[in-house]
Amino acid sequence: KTKMFQFCGASRFAYNWVLKRQQENYEQGNKFISDVELRREFTQFKKDNIWLYEVSNDVTKQAIKDACISYKNFFSGRAKFPKFKTKKFTNPSFYVDTAKIEFTSSHVKLESIANNTKKNRRKLNWIKLAEKNRIPVNCKYMNPRVTFDGLNFWISVSIEVEDNQNSPTNDGIGIDAGIKDLAICSDKSVYKNINKTNIVRKVKKKL
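S.K.: What exactly am I supposed to notice about the side chain of Ser56 here?
M.R.: Topologically, Ser56 is positioned in the loop between helix H2 (35-46) and helix H3 (57-75). Within the structure, Ser56 has its side chain in polar contact with the side chain of Glu111 (distance 2.8 Å). Those residues in contact with Ser56 that sit more than four places away from it in its chain are Phe7, Glu111 and Ser112.

And the structure:
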């Protein structure tokens, strides 16, 4: 957990560093700085900030790319001006390289969680998942992200699947959400609203 929080902090730091550089550059009347150029500059910046070497390079590299995309989207009119990320109002998160992430039915392997060469220490790179068989194994993963919601760490990935060529064969159904009844469907099915039952009324009264 400590290591993952460190990754989250490095990702936030790199993102904010890029926004500040882009703002300063714009105020000086210069053109947009590409993420490739900023990554080179950040590599030199890391020499005076040794703690960044404790974090996977892919974490800060993707954070720089994300900040540049957000900045471009603003000037293209597709989004609002990107805000600086803060500890208080931003969910901690970081990117995982697609070539270095692995899944089993019950564990996920993250890069640089444990750098020790001893086998028993390297096992710490494998983190137990709360749910088994939730994410497919042995497939191509895209844009893996780890996020902390204040209570738990979550991992999300996109995967490639075959195109679904099957067309729906049913006629569909219309649903009218109500107050007395939860839902009344066009096939005449009626779903009762449990909040209107005597059992729930009694429980609320006790509460």
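Back to the write-up after that little detour.
S.K.: Can you help me understand the sheet that holds strand S4 (residues 126-128) in this one?
M.R.: Think of a sheet as strands paired side by side through backbone hydrogen bonds, with each pair either parallel or antiparallel. With respect to topology, 3 strands assemble into an open sheet ordered S2-S3-S4, the strand pairing being antiparallel. At either end of the open sheet lies a strand with only one pairing partner, and these are strand S2 (102-103) and S4.

S.K.: Help me out: how do you make sense of the environment of Glu111 in this one?
M.R.: You can see Glu111 is positioned in the loop between strand S3 (107-109) and helix H4 (119-122). Its relative accessible area of 23% is what places Glu111 among the partly exposed residues. Taking C-alpha positions, Glu111 is 9.2 Å from Val55, a pair spaced 56 residues apart along the chain. With residues up to four places along the chain from it excluded, the contact list for Glu111 reads Phe7, Ser56, Asp58 and Lys100. For Glu111, the side chain forms a polar contact with the side chain of Lys100, separated by 3.3 Å.

Procedures and definitions
Residues numbered from 1 in each chain as written. Predicted model: local features only at pLDDT ≥ 70, side-chain atom pairs only at ≥ 80, totals over all residues. Heavy atoms only, no water. Helix = DSSP H or I, 4+ residues; strand = E, 2+ residues; numbered from the N terminus. Polar contact = N/O pair within 3.5 Å; in protein donor to acceptor, adjacent residues only side chain to side chain. Contact = heavy atoms within 4.5 Å. Pairing = 2+ DSSP bridges. Buried < 20%, exposed > 50% of the residue type's maximum accessible area, 1.4 Å probe, protein only.

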